[in-house]
Structures are given as C-alpha cells and as structure tokens.
Amino acid sequence: MIKNLIKLAKRKKPADWLRFLLTWTSALAAIAILLYIVGFILVKGIPHIELSLFSTTYTVENQSLFPALVTTLVMVAMTLLIAVPFGVFSAIYLVEYANRGSKIVRLIRMTTEIIAGIPSIVFGLFGYIFFATWLGWGKSLLAGCFTLAIMILPLIMRTTEESLKSIPDSYREGSFSLGAGKLRTVWRITLPSAAPGIFAGIILAVGRIVGETAALMFTIGNVIQLPNNLFSQGRTLALHVYQLSTTGLYVDKAYATTVILLVVVLFINYLSSAVERRFLQKLR
Amino acid sequence: MLKLTEKFMRIIFLIAAMASVLAVIFICVFLFSQGLPTIFRIGVFEFLLGDRWAPTAAEPLFGILPMILGSLYVTAGAILLGVPIGIFTAVFMARMCPPWLYRLIKPAFNLMAGIPSVVYGFFGLMVIVPLIFDWYGSRFDMMSGNTMLAASVLLGIMILPTVINIAETNIRAVPQELYEGAVALGASHERAVFKVILPAAKSGVMAAVVLGVGRAIGETMAVRMVAGNQVAMRMPHEFLYGVRTLTTNIIIEMGYVEHGSIHYGALIATGVVLFVFILIINLLFTAINHDKKEKSKRQKQNHGETSV
Amino acid sequence: MTKYSLSSVNLWYHDFQALTDVNIDIDNNEVTAFIGPSGCGKSTLIKSLNRMNDLIEGCRITGEFLLDGEDIYGNIDVNMLRKRVGMVFQKPNPFPMSIYDNVAFGPRTHGIKNRTELDEIVEKSLRDAAIWDECRDRLRKSALSLSGGQQQRLCIARALSVAPEVLLMDEPTSALDPISTGKIEDLINELKREYTIVIVTHNMQQATRISDKTAFFLLGEIIEVGRTEELFTNPKNEKTENYITGRFG
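It should be emphasised that the depicted structure is a prediction, and the values quoted were computed from it without experimental measurement.

A. The arrangement of the overall build of chain A in detail. Broken down by element type, chain A carries 10 helices and 0 strands. Along its sequence from the N terminus, chain A presents helices and strands in the succession α-α-α-α-α-α-α-α-α-α. On C-alpha atoms alone, chain A measures out to a radius of gyration of 24 Å, which is more than a quarter above the 19 Å that the 2.2 N^0.38 rule sets for 284 residues. Taken over the C-alpha atoms alone, chain A extends approximately 70 × 70 × 35 Å along its principal axes. Looking at chain A as a whole, 56% of its 284 residues qualify as buried.

B. Just the packing of helix H9 (residues 176–184) of chain B against helix H10 (residues 189–200) of chain B, in detail. Residues and elements named next belong to chain B. Closest axis-to-axis distance for the H9/H10 pair is 9 Å, and the angle between their directions is 140 degrees. The angle between H9 and H10 places the two elements in the oblique class. Considering how the two elements wind past one another, H9 and H10 form a crossing that is right-handed. Two secondary-structure elements touch here, H9 through Leu 178, Tyr 179, Ala 182 and Val 183 and H10 through His 189, Ala 192, Val 193, Val 196, Ile 197 and Ala 200. Taken together, the residues of the contact of H9 with H10 sort by class into 9 nonpolar, 1 polar and no charged.

C. Fine view of the packing of aromatic side chains. Tallying each qualifying case throughout the model produces 32 aromatic pairs over all chains. Judged by centre distance (6.5 Å) and plane angle (85 degrees), the ring pair of B:Trp135 and B:Tyr136 falls under edge-to-face. Look at B:Trp135 and you get exposed, because its relative accessible area is 54%. One aromatic cluster is present, built from ring pairs that chain together A:Phe126, A:Phe130, A:Phe131, A:Trp134, A:Trp137, A:Phe146, B:Phe26 and B:Phe30. The ring of A:Tyr97 carries A:Lys182 above its face, with NZ or CZ at 5.5 Å from the centroid. Across the ring face of C:Tyr100, the terminal group of C:Arg140 is positioned such that the distance to the ring centre comes to 4.3 Å.

D. A look at the interface of chain B and chain A. Of the residues lining the interface, 73 residues belong to chain B; the matching set on chain A comes to 72 residues. Summing both partners gives a buried area of about 6,700 Å² for chain B against chain A, and 83% of it is carried by carbon and sulfur. Counting the surface chain B buries against chain A, the share from its top three residues, B:Phe13, B:Phe30 and B:Phe122, is 10%. At the junction of chain B with chain A, the criterion picks out 0 salt bridges. Viewed at the interface, chain A and chain B are joined by 7 residue pairs in polar contact (both at pLDDT 80 or more). Of the residues contributing to the side of chain B that touches chain A, the split by class is 53 nonpolar, 14 polar and 6 charged.

E. Structural context of the pattern of salt bridges. All names here are of chain C. Following the criterion strictly, the structure yields 29 salt bridges over all chains and no others. Where Arg 84 meets Asp 68, a salt bridge forms, and the shortest distance between an N and an O atom there is 3.0 Å. Note that Arg 84 is positioned in helix H2 (residues 78–84) and Asp 68 in the loop between strand E4 (59–67) and strand E5 (70–71), a separation of 16 residues in sequence. Among the charged side chains, a network of salt bridges with common partners joins Lys 3, Asp 68, Glu 70, Arg 84 and Glu 165.

F. Region of the structure containing the interface of chain C and chain A. Every contact between the two is made by 25 residues of chain C and, on the other side, 17 residues of chain A. When the buried surface of chain C facing chain A is broken down by residue, C:Glu57, C:Phe95 and C:Phe105 rank first, second and third, together holding 28% of it. Applying the counting rule to chain C against chain A returns 0 salt bridges. The interface formed by chain C and chain A contains 4 residue pairs in polar contact (both at pLDDT 80 or more). Listing elements by their share of the side of chain C that touches chain A, those giving two or more residues are H2, strand E6 (85–88), helix H3 (99–109) and helix H6 (148–160) of chain C. Split by residue class, the side of chain C that touches chain A holds 12 nonpolar, 7 polar and 6 charged.

G. Region of interest: the sheet that holds strand E2 (residues 16–27) of chain C. Residues and elements named next belong to chain C. With respect to topology, 4 strands assemble into an open sheet ordered E2-E1-E4-E5, the strand pairing being antiparallel. Here the strands that pair on one side only, and so sit at the sheet edges, are E2 and E5. Of the pairings in the sheet, the one linking E4 to E5 comprises 2 bridges and is antiparallel in character. Looking at the pairing, Leu 66 lines up with Asp 71 of E5.

H. A look at the side chain of A:Ser232. Residue and element names in this part refer to chain A. Residue placement: Ser 232 occurs in the loop between helix H8 (182–211) and helix H9 (237–247). Among the residues examined, Ser 232 registers a relative accessible area of 7% and is labelled buried. Those residues in contact with Ser 232 that lie beyond four places of it in its chain are Ser 140, Leu 141, Gln 225 and Pro 227.

I. Broad picture of the nonpolar core. Core analysis: the biggest nonpolar cluster contains 197 residues, and A:Ile92, A:Leu261, B:Leu31, B:Ile171 and B:Met254 have the highest contact counts within it. When residues of this core are assigned to domains, at least three map to each of domain 1 (2–48) and domain 2 (53–283) of chain A. Core analysis: the second largest hydrophobic core is formed by 42 residues, C:Val88, C:Ile99, C:Val103 and C:Leu167 among them.

J. Just the environment of B:Thr162, in detail. Residues and elements named next belong to chain B. Its location among the elements puts Thr 162 in helix H8 (residues 160–172). Linking Thr 162 and Ala 208, residues 46 residues apart in sequence, is a C-alpha distance of 7.0 Å. Not counting chain neighbours up to four residues away, the residues in contact with Thr 162 comprise Leu 211, Gly 212 and Arg 215.

What counts, and where the lines are drawn
- Residues numbered from 1 in each chain as written.
- Chains lettered and ligands numbered in written order.
- Predicted model: local features only at pLDDT ≥ 70, side-chain atom pairs only at ≥ 80, totals over all residues.
- Heavy atoms only, no water.
- Helix = DSSP H or I, 4+ residues; strand = E, 2+ residues; numbered from the N terminus.
- Rg over C-alpha atoms; globule rule 2.2 N^0.38 Å.
- Buried < 20%, exposed > 50% of the residue type's maximum accessible area, 1.4 Å probe, protein only.
- Axes fitted to C-alpha atoms, helices over the stretch in contact; angles between N-to-C directions.
- Parallel < 35°, antiparallel > 145°, perpendicular 65-115°, else oblique.
- Left-handed = near helix turned anticlockwise from the far one by under 90°.
- Contact = heavy atoms within 4.5 Å.
- Nonpolar A, V, L, I, M, F, W, Y, C, P; charged D, E, K, R; others polar.
- Phe/Tyr/Trp six-rings, centres within 6.5 Å; stacked < 30°, edge-to-face > 60°.
- Lys NZ or Arg CZ within 6 Å of the ring centre and 35° of its normal.
- Buried area = accessible area lost by both parts, 1.4 Å probe.
- Salt bridge = Lys/Arg side-chain N within 4 Å of Asp/Glu carboxyl O.
- Polar contact = N/O pair within 3.5 Å; in protein donor to acceptor, adjacent residues only side chain to side chain.
- Pairing = 2+ DSSP bridges.
- Core = buried A, V, L, I, M, F, W, Y, C linked by side-chain atoms within 4.5 Å.
- Domains from an automatic or database assignment.

As structure tokens, this is what we get:
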C-alpha cells in the first residue's frame, strides 16, 4: 500500500497531483459534511430521547411528538391513496398504451417536469389558495394531502415508468401470443413484474411526505392534536421539528425530535434503495 | 364485454395521465389569476423594482426588489461554494473512486438527498449561525449570525447531492473511447479525465448546476431558519447581514396576512415571480438537455453506431 | 390441405420495405421451415401470421392472409386468432411466476377457472411438450429456476395450453445447447401429428432434419419454395444453391 503510494507519487506530474488532490479532498469534504450533520444531530439528540417524548398527550411542559407522529402516518396514508393510483395509472398509459412521441405524451411529460421543478412553497401557496380557500376545505388534513399528492405525483410516475420500461418486451409478447388482451397483459404480467420497482418509488415518496414542511404549513395548519376527521387541522413531525427549533424554548426536545425525524427518513430512504436493488438484481 | 372493459380502462388510464396536465393548469390559473391583478394594482414597476416592502405601514409599500436580490445573492453564494466541491466530487465518483469506497459513499450521497430541509435548517441554526457569529461577531458588531453567508453556506451544502448525482451520471455517459484515445496518446489518467472527459460532459455538468440553482432558489424552510429575514436592500459584499428571499417572504407573512387584502395578493404575486423564475430555469435545463442529446447522437454516429 | 394461403404480401416498417410480393401456402400437419440469411424477412413473415407485428409502431401490411379461407387482417378478433395460432420465441420467455401458473395463464385468459380442468390442461400440455417428468414435483417453483432448454420446452407447453391449431416457432433453438436442441427437434416431429408448424431457422441442417417444406428468403422476397429434400438436393434457383452450399449467409 505505502510502496504503491510512493510509486504513484514519483510518477505523477505536479498538475496531475493537483487534480488528484482536488477530487479526493472535495469528495472527502462532501462526505465529512454529511457525516458531521448526521453525527451532530445524533450526538446532541440521542441523550434527550425519553419515553415522555412518546406520551399520548401533549402538554406545555412535555412536548410529546406522539400527536405529530400519528398525524404524519395519517398524512402518508391519505396522500398515497390519492397519488399512487394516479401516478401508476398514468405511467401505465405512457408506457403501455400511448404512442411514443405523440403530442399528448409530450404534453404530459412537459407538465410532469414542470411539477417536479416547482418548489414546495409554491405548492403550499397553491394548496392554500385552491384547496383551503377556493374549495372551502379550510386548513385541513384533506387540503394538506391533496397538495402533497400533486407534489409527489412526478416521483411516482417516473419510478413506475422506469420499472415498467425495464420489464423485457418478451414477457409482453409471450402474453399476447397466448391471446391475452392488453389489459390482461398489463394487469397480470407487466405490473406484477414491475411491482417491486414501483414499491421502491412509493417508499421514496413516503420519505418526501415525511420530510415536507413548506407545502404543509398553510395547508394543514399547525395545531397539535390527534387527527379526528378529514377536516381537522394537524402538525406533522417535520412541522413539529420546525416549531420546536425556531421557538428556541425547547432546544433539547428539538434535538431529540429531529433525531426521530432524521432516523425515520433515512431508514425510509435506505429501504427504498434496498428494494430497488433487489428488483434490479432479479431482472438480471 | 371484454372489449368494453379494455376500452373503459384505456380511458381511465388516459384520464389519470391527464392529472399532471390538469394540476399544472390549475396551479397556473390560480396563482396568476390572484397574483397578476395585484401586480398591476401595485404597478409592475413599483412591485418588481420597488426597494421598499412595508405592507403594514399606514401608506403600504410593496416592492420586492430586496427579496429578488436576496434570492439571487444566496443562490449565487450557494453555487460559489457548492458547485466546485460538487463537480470535483462527481469527477471523483465517476472516474477516480476505488470500487470499495464507491460502494460506501454512493448510498451516503443518496441519503444526503433525502434529509429533510428542516433538519438542514436546524443544523444551520445550531452550527453554522453560531460559528459565523463567533468568527465575525465581535469584529463587525453583528447582532447575530443569521446572515446571507449562513444561508449561502447551508444551501451550498444542500445542493451538493443534486449536483453530484446529476453530474456523475453525465460524466459516466461520456464514451469510453474518448478516454482510451487520450490515454493511448500518452496522457495520464488525471489529464485524460480533466482535459477530455470533463469537457465532453460539459453540457451535462451545466445541467447539474442549473438543477442546483433551481433547488437553491426554491428552498424555503432552511433559509427561513438561518438567513435573518430582514427586509433590506443589500449589496453582494454585505454578506454578513441578514437577508430575505422570495420564498421566505411568503412563508413568514402568510401566517398573519389579512385574507383578501392587497398584502395577501402581493404575497401570492411573490409566489408568481418565484414560479416564473423556476419556469425559466426549467426551460434552461430542457434546452441544455436537448443540446446534450443532439451532441451525444452525433458522437455515436461518429463512432459508427447507427441507430435503426 | 392448405392451412395458410398468402398472396402478394408486402410489409413496411415506416419507409423500409421488409417483405415484397410474398406468396406461399402452408399445409396442415406439416412442418414448414423458413430459411435465409439474417435480415431477410423470415422472422417478419412469421410474426405477421399471428399479427404480432401489430405491436410494432409504423408497421404496414398489404396483401391477402387467409387462414382456413378467412382473412386474418380482416374484421376478426386478434386475441382469438392468437389463441388459434400459438408462438414460441427465439429466447425462452417464461413469465416470472410458477411453472404451473405459466402454463395455466393461457387457459385462464380464455375463461377457464375450474381447478381440476386447469390441472388437466397443465399436465397434458407439459406431457405434450415432453417436460412433465422433469417438473411434476416442482410445479409451484418459479419457472425461472429451470435451465434454458427446459424453459423453452415450458414455453412450448404454454403455447400448447390453449389448444392452438398452428404453432409458430421463431428460431426456437438458437439460444440452446445441442442436447436441448435435439430434444426440441424430436418434440417438433411428435407435434406435427396434431399441429401445423411453421419454424424459422438459420440452421440448414435443422431444416432438413425436421421440415417437410422449405421456403428460402432473400432480401424480403421468397426466392424458392419446395419440398425440403428437393430444395436441398436439387435447388432450381442459383441463389438458393449458393446459400445452401454455404457461399454466403
């Protein structure tokens, strides 16, 4: 190892040394920053994780994250309920039905790209104007999850499209050659084969939902309570972190809650890539 | 019966596919229909180039130039700090990294992309802001470390995963023949990568930067937590002062604005301006990508790979 | 008796003409082989016999395709046509599901739900495809766990499961080893008693071993059609002779 390094050192010209160092130090710096962020939050937060953090009631003395956790789960479920059918169905249309390069496909692709680029604050603004005000839903779980559903639509569409495209055409040909129609081929052959890839995309979307704040602030309100109906206000875990950390009164609680949020989101992302990896391996 | 189901489901799929089109139409219609009239009421000039924002004053003023400049400043700062590290890291990932290390850090960057804004914001608030205050606070008579600089540093970090991932993909897409050609002429590995591969991937790297700009300009919560948010005209060298961006202007004032007032309209109009910025960036990205595709087509043809 | 009767068939992919004025009759209970160098249109023609070309964008066909006297490009149910005309592909393409479900997919598609009936069809199809003994104990295992040759025989079983009249085989042994190839060739000789078989092959020995009638394709045209032994021993066209004696291809 050291011998190799010395050999390398002798062989490289100064300019190459510079390039070599630039890339290595940049990469190491990027990794160091990431490790520092995660490490800092964990070290500061873990000692403050107590059982009272998960108490079922929220009081001024004990800012339990339990209501926020429940609200987050409800929001995830409701948002997926709206976005997954739309996302998966439109991907099916684009991959299995539409003629590639047709006008309607180009239009759909363009709008999907636009949605993917819109910052979450603009979604929040739109959700407030449209769902909460114009439709009269008020700040509510319903307004929040519709806003988030639009936001994650491109993500679900894209991952589903990619999974469907990665299914070899020979599967489709086999099915058609047996006299199966398009719908049966999609439903029984293509979609089940692509399911793990789609699932990975959905998990990734869950991560987005759990971590989102700006789009939710004015759409679900900011009230700490257990959700009791579609029109009740609420506060998700990420919003809770925002509140705790900006008021500056409960720093320990803020650290501890951030740890929970971070761990949940990182775990979800890890899960997504693990599922995707297995899917790709299986196809190969 | 079966034929009918086929046709019916085809229509269902098509309707679902139109959802994104519908969403964009609704977003545009509602933002513009509420934002544009306010802009005209205030005056296009006074709104976009007005340097005073005093929505609750006796004689209210609605100039968002400070916020437009604020957004541009923090974004520029983020690009200045994040892009070089991002591109060099992308080069490292694509061409320098030993496989064992790659297996470790590639997932790490993917995870980094998944960390929520509030967590970055909280980190910025607890680490970057105090650090800046410690370094410069006494020398420049600062009130706090919530500054343009803090926002730029934090955003520079936040755009890293975007820049790295996109740039890496595009650097990898450069045909291996180019590299081999350079090495065959006696170029060292580093020289081949920097002088041949990186220039060949130029438009892809540009696309990564543009996407990073989009990410930085649209970021809200993290900026809100570290930027200080004072409404004031700043110059670029005043990076040790607080600043307010387009995004934070909305998030801060939407909480207490009187519904239906001109102030309310002005906030939506701020959203419209932000939306237009993002559309321009998207357009730029598409143009670059288009250019890239054309170029790679030509490259492929030069290598004798004709597509059917 | 004539099963398929094709006259003046032309086929285009966008602007490219892949088949030019093809005329051929395919007879019942015989094996008809299509031979010729790659890109000559033999695969294109076999795919148009059960309208798999419908799936390809920009594909345009003219001419007459009669199956038992009925125009298959006329007003017919494509799915029923494909039920009557089964297909086996170049590369084995079992679905990513169990062996049983692979074979049962076809009958289920056409409305058979009864458990015992399905069991019978699956067993019969696997027996006819000469793979029953190898997989009777592992019907619930994934079809992807089979070897390449077994997978191809499973695909034949799958094609037989819907009781087709015609079996189209597009280079069915090109991805297989010699032993598996031998098994499939034996199988084809068995199957022609009950089915009409059309096979595309680039292997001329294979054509002589299994086919009754051979058509030689070149650049989208049929150069010569005839009884197999006659075409190979006494070709009428010089191009055919050049091809079978190995001067090109």
